[in-house]
Amino acid sequence: MTFNQFATAVLGPEVDTSAFTTRSFIGLGGDSLRAMRLAALVRERSGVRIPVAALLGDAPLAEVFAEAGVVTAPAGPTPVAAVDEAVAESLSHAQRGMWLTERVTGGSPYNLVFACFVVPGTEGRLKGGAFERAVAATVARHPGLRTVYREVDGDVVPEVLDAHNPEIPVTAHIEVAEHEGDGFEEHVRALAAECGRLPFDLADAPAFRFLRVTGTRQDAVVLMAHHMVLDTWAAGLLLDELFAHYDALALGLPAPLTGVGPSPRALLRHQEASRASGEWERQAEFWIKHLDGVPTVLELPADCERPAVRDVAGDRTAVDFGVDTSAAVVRRARELGITPFAFLLGAYGLTLSRWTGARRLLVGVPLSGRGTSELEELVAVAGNLVPVLVDVDDDASVADYLRAVHHSSAQSIDAGDLPFEELLSRLGVERGPDRHPLVQVTFGMHDQLVPQLLESAGLEIRVEEEHTGGSRFDLSLLIRQSDPALAGHAEYATGVWGVAEVEGFVCDFQTAVAELAAADGKLEEVRCVAPERWALLDRINETRRDFPVASLDELFRDVARSTPDAVAVREGDVELTYRQLAGAAAEQARLLREAGVWPGDRVLVGVERSVAEVVAVLGVVWAGAAYVGIDLGLPAAHTEKIVAKAAPTAALIPPGAAWRVPGTPVVSTWDESWTAGEVEVLPADPDRLAYVAFTSGATGQPKGVTIPHRAVVRLVHDADFVRLGAGERVLRLSPLAFDASTLELWGALLTGATLEVHPAGPPTPGELGDFLLAREVTVAWLSADLFRLVEECAPYSFAGMRQLLSGGDVVPHDHVARVLARHPGLVVTNGYGPTENTTFTTTYSVTDAEDVRGPLPIGAPLPGTRVYVLDERGRRVPPGAFGELYAAGEGLAVGYLDDEAETARAFGHFSPEIPERLYRTGDVVRIDTRGRLRFAGRRDDRAKPREPAARAR
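The following paragraphs examine the structure supplied in this document. (Residues numbered from 1 in each chain as written. Predicted model: local features only at pLDDT ≥ 70, side-chain atom pairs only at ≥ 80, totals over all residues. Heavy atoms only, no water.)

### What to know about the overall build of the protein chain
Under the convention used in this document: Here a strand is any run of E in DSSP of at least two residues, a helix any run of H or I of at least four, and the numbering for each starts at the N terminus. Residue exposure (1.4 Å probe, protein chains only): buried if accessible area is under 20% of the type maximum, exposed if over 50%, otherwise partly exposed. Residues are treated as being in contact if the distance between any of their heavy atoms lies within 4.5 Å. Working definition of accessibility: Shrake-Rupley area with a 1.4 Å probe, residue cover restricted to the visible protein chains. His is not counted, nor are the chain ends; Lys and Arg add positive charge and Asp and Glu add negative charge. Where a charge sits is defined by one atom per residue type, namely NZ (Lys), CZ (Arg), CG (Asp) or CD (Glu).
Of regular secondary structure, the protein chain possesses 28 helices and 36 strands. Split into buried and exposed, the 953 residues of the protein chain put 59% on the buried side. Considering only intrachain contacts with a sequence separation of at least 6, the fraction spanning at least 24 residues in the protein chain is 73%. Carbon and sulfur atoms make up 51% of the accessible area of the protein chain, which totals about 37300 Å². In the protein chain, 89 positive and 133 negative side-chain charges are present, and the distance between their average locations comes to 2 Å.

Written as structure tokens, this is what we have:
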């Protein structure tokens, strides 16, 4: 046969051979599967190697034929006897991978199940005797259907039985008379799923089963098989042959097929010949170079924690593009000179990129592995899996991106003879217990490998592939090439993703397909977010925005006037009512004014935790200045940097520490001899600075975060994340230089609660626990580390509390669960937020230990706060996807003190989609299925959310 005849055999007799000189294989109606068939046919029959990548390229088919090279291996199949001596009785590489997975996971996601329904109304019923003889005739022809797998010395060895006559149980379905026919197919599907989950003993008998179901008017047959025995291609061959035998037996005709079918050894012979010819080496060299530096783990963002040992349970959800989108895909693929397979693979890869943040990722593509006519007839597992590299460059055009995916898939298919297990070995990728190695997501698209409709002895038999509740991969997408609409399903590991997550992904994927079919611009404009999921992003920021237009000191005076005799602050035996505290604060403000402090100035406050500290803070704010908390216990060099940066007008510190602030006037602080002072009350100015909080910068130089009054008002006014107000007792513990003190001080003083001041100095867990109980503290904020220590060392500490807030680091969820179980009625709140957004940006509260099932979310934004999860270009990512957290709203700092460059780096209009000023947190987060933010790591030191990314080498 000539090359043109080979091409005609693959493309169909209607193809115009005169167009071979001007049109590409794709332009002639070819696709990936036909390209593989043509390449295999030419190589087998003529010994000429035509790269699949060339067939899927732009060149005219005649030009591809002209440039084809001759292979060094001999054409045609190697003699069986010669190679059988070289090939030891063994598993194929694919079977060995399955066997290893089962040993690791303790279960099998590999069972295939097909339900074959006799269509009601066709001639007659399925004859049980003829069907059993048809099964026996089919099994007798195929060695793969008579093979068992037995472990010998830690290895597994296949053994072909001389004969195997499987029992075929029959079950009857009794239908309700008034609903005759209803429920039969649902009953069969449920039965198929149930029986399909039953494990096979690979050593006991060939790992496949048949079940016959009879109903009042209808019959069905269920085929169940372990994937080490059949792949989908082989299942199609088996059902075709089975019902061909049935047709002959039922009608009294001669057997349609005789002799012995191909043995699984045919695959081993083919692989041995490829290895011996050097083809494996050529392909291995390609893979090592092609995948150099590419991450070998793609972590799907998920609400649940990945099991340490892979859970093989899975489920499916439907995917349907509809007639219009399907036609647009075919049309757009034709315009670009690519296959619909490559188009949909590109949409899949782009959606995965938008969800994971990965710009280089691997998608596994299953190949039939049947490169010879003998293997095309093999009723056994022959398939292979190849990784396709998807590079997402948002600066590229949509057309260039899709063509690049098409080219990458063609390269992978062209190097697809190297078995996946061999590829893992060559790349040095180890098989771990928690996930599939190298590729965790797959994509497949094909014509019907298993016929949907069969005719046999006058019967019409409809075939459905059922699902047994397993999943080989984290996520697999399988699309059928069918008219009038492309459709399929997404299969997912239920130990990784929940229903809401996979349904959201499918919506976004279908949107990506439609967007790519219509887009002509840059790839960055294709966002892969379904319209209803944009609405989810908007709903997260539907928070209250109305706050008093007032200064902190004005709001404090309002509380003092309304509850003058309530205790405002208590330290040991000393306590001040709100009236007394207001008088002391006025006197402190008067003294500061005498020292030359005016609105807009900054005052150092280095008083130990005490009533005097509370008076000092109030006095500074009352005077119109901003307080700067400093810890005089830190090294003098650090304090010097802060003093130099803050340029204070005055300092409120112990007299003996005046040497720490040379040149700065030191103003007296409160003692019990003070009387109420009088000082001018300034007009309310929410934008005036309330305090400057110094944080350590990336260079080690302290940065002064400037917080205005409005930001603190937004934190505590009518707060919905914490119980504040009259009757509450709030722990005063955090250093003033730490912004948790903002919540403690102003959360109490602006709501009428009582501040319970812990004695100065760092407490032990026991001391703190005793204090909480003795002072009947109802609300406390503890850093994550301190909370952990107190819970472990003094678990009784929280007995009288109503609300415990924690943060500053990852809050230990197991400790939270124990506290909640021990103290019913307690509310534990995980508070997240950088200093630049005034203590808290988001919070998450939990009241029941049963609700703590892993790391706590960081929650939802506070009133007056908006949050956005953006990619590196400032674009919003889909709900559920990884991205960097940006904050906006009334809580934002003005910037960094006297540091325009750093302020511009961290604050600004960073997103083309969001018209407001933002703060970039540097934290990687995702929005879970309940609309809560979950922390995943830092942008700068995060290779990926859950563990360092392995890379191919």
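### Examining empty space enclosed by the protein
In plain terms, the rule: Using a 1 Å grid laid over the protein atoms alone, points where a 1.4 Å probe fits but cannot get out form a cavity; open sets with protein on both sides within 12 Å along at least 5 of 7 lines form a pocket; any residue with an atom within 4 Å of a point counts as lining. Grid points are joined across faces, edges and corners, and a volume is the space filled by probe spheres set on the points. Think of it as three bins: nonpolar holds Ala, Val, Leu, Ile, Met, Phe, Trp, Tyr, Cys and Pro, charged holds Asp, Glu, Lys and Arg, and polar takes everything else, Gly as well.
Going through the model one piece at a time under the given rule, you end up with seven cavities of 30 Å³ or more. Along the wall of the second largest cavity there are 16 residues; nearest its centre are Ser90, Gln95, Pro158, Pro264 and Arg265. Contributions of two or more residues to the lining of the second largest cavity are made by β4 (147–152), β5 (155–160) and α10 (265–276). Looking at the lining of the second largest cavity residue by residue, the classes come out as eight nonpolar, five polar and three charged.

### Observations concerning helix α26 (residues 784–793)
Note the threshold: By construction, the arc corresponds to the directions joining the helix axis to the C-beta atoms.
Within α26 the residues assigned to the buried category are Ala784, Leu786, Phe787, Val790 and Glu791. All buried residues of α26 fall inside an arc of 160° around its axis, so they share one side. Contacts from the buried residues of α26 go to α25 (765–774), β26 (779–783), β27 (803–807) and α27 (813–822).

### Side note on helix α2 (residues 32–46)
We count it as follows: In this scheme, a helix's expected span is set at 1.5 Å multiplied by one less than its residue total.
Counted at 1.5 Å a residue, the expected span for α2 with its 15 residues is 21 Å, and the 21 Å between its end C-alpha atoms agrees. All of the buried residues along α2 are Ser32, Leu33, Ala35, Met36, Leu38, Ala39, Ala40, Leu41, Val42 and Glu44. Residue Gly47 follows α2 closely and has a positive phi angle near 75°.

### Observations regarding the nonpolar core
Selection criterion: What makes a nonpolar core is a set of buried Ala, Val, Leu, Ile, Met, Phe, Trp, Tyr and Cys residues whose side-chain atoms join them at distances within 4.5 Å.
If you look at the biggest cluster of nonpolar residues, it comprises 116 residues, and the most contacted ones within it are Phe343, Leu344, Tyr348, Leu352, Phe443, Leu475 and Trp497. For this core, the element with the most residues is helix α13 (residues 340–356), which contributes 10 residues. Residues contacting Phe343, with those up to four places away along its chain left out, are Val329, Arg332, Ala333, Ile338, Leu402, Val513, Leu516 and Ala517. Of all hydrophobic cores here, the second largest spans 79 residues; its members include Ala560, Ala616, Leu618 and Val705.

### Here's the deal with the sheet that holds strand β3 (residues 112–118)
Test applied: Two strands pair if DSSP finds at least two bridges between them. Only the stretch in contact is used when fitting a helix axis, every axis being a line fitted to C-alpha atoms; angles between N-to-C directions are given from 0 to 180 degrees.
The strand order across the open sheet formed by six strands is β6-β7-β8-β3-β14-β13, and the pairing between neighbours is mixed. At either margin of the open sheet sits one strand with a lone partner, and together these are β6 (170–172) and β13 (453–456). On average, adjacent strands in this sheet sit at an angle of 25° to one another, irrespective of strand direction. Two strands pair when backbone bridges link them, and β3 and strand β8 (residues 219–225) are joined in this way by six bridges, in the antiparallel orientation. Its bridge partner lying in β8, Val113 is registered against Met224. Along the sheet, helix α7 (residues 128–141) makes contact with β7 (208–214) and β8, crossing β7 at roughly 165°.

### Remarks on the side chain of Thr577
Its location among the elements puts Thr577 in strand β18 (residues 574–577). Thr577 has contacts with Pro564, Asp565, Ala566, Val567 and Ala568, leaving out every residue within four places of it along the chain.

### Concerning the environment of Asp394
What counts here: Counted as a polar contact is a pair of N or O atoms within 3.5 Å, where, for protein atoms, one must be capable of donating a hydrogen and the other of accepting one, and residues adjacent in sequence contribute only when both atoms are in side chains.
With respect to the element layout, Asp394 can be found in the loop between β11 (384–391) and α15 (398–414). Look past the residues within four positions of Asp394 in its chain and what remains in contact with it is Arg354, Arg359, Lys522, Leu523, Glu524 and Arg873. A polar contact is formed between the side chain of Asp394 and the side chain of Arg354, at a distance of 3.0 Å.

### Focus: the packing of aromatic side chains
Threshold: Two aromatic rings, drawn from Phe, Tyr or Trp (for Trp, its six-membered ring), form a pair once their centres lie within 6.5 Å of each other, and the interplanar angle then sorts them: stacked below 30 degrees, edge-to-face above 60, tilted otherwise. Here, a charge over a ring is recorded when the distance from Lys NZ or Arg CZ to the ring centre is within 6 Å and its angle to the ring normal is within 35 degrees.
In total, this model carries 22 aromatic pairs according to the counting rule given. An aromatic cluster is present here, built from Phe321, Phe341, Tyr348, Trp355, Phe443, Trp497, Phe505 and Phe509 joined pairwise through their rings. The ring of Trp622 has Arg557 lying over it, and the distance from NZ or CZ to the ring centre is 4.9 Å.

### Focus on the pairing of β26
For β26, the tally of buried residues reaches four of five residues, placing the bulk of the element in the interior. Judged from the five bridges that link them, β26 and β27 form a sheet pairing that is parallel. Among the inter-strand pairings, Ser783 is bridged to a residue of β27, identified as Gly807.

### Digging into the pattern of salt bridges
What counts is decided by this rule: Any Lys or Arg side-chain nitrogen located within 4 Å of an Asp or Glu carboxyl oxygen qualifies as a salt bridge.
Summed over all chains, the structure comprises 71 salt bridges. Glu279 serves as the salt-bridge partner of Arg282, at 2.6 Å between the closest nitrogen and oxygen. With Arg282 and Glu279 both in helix α11 (residues 279–290) and three residues apart, this pair spans about one turn of that helix. Overall, Arg282 belongs to the partly exposed group, its relative accessible area being 32%. Residue Asp508 is joined to Arg533 by a salt bridge in which the shortest nitrogen-to-oxygen separation is 2.8 Å. Here Asp508 is found in helix α17 (residues 499–518), whereas its partner Arg533 is found in helix α18 (residues 531–540), with 25 residues between them in sequence. In this structure Asp508 comes out as buried when scored by relative accessible area, which is 0%. What makes Arg533 buried here is its relative accessible area of 8%. Three or more residues are tied together by salt bridges with common partners; here these are Arg354, Asp394, Asp395, Glu524, Glu525, Arg527, Asp538, Asp871, Arg873, Arg875, Arg876 and Glu913.

### Focus: the pairing of β13
Of the two faces of β13, only the one carrying Leu454 and Ser456 is buried; Leu453 and Glu455 on the other face are not. Sheet analysis places β13 next to strand β14 (residues 459–466), joined by four bridges and oriented antiparallel. Opposite Ser456, over in β14, you have Leu459 as the bridge partner.

### Regarding the environment of Val867
You can see Val867 is positioned in strand β31 (residues 865–870). On a C-alpha basis, the gap between Val867 and Ala500 in space is 22 Å, while along the polypeptide they are 367 residues apart. Aside from chain neighbours lying at most four places away, what touches Val867 is Ile540, Asn541, Thr841, Thr842, Pro861, Leu885, Tyr886 and Leu933.

This is a description of form; function is not addressed.
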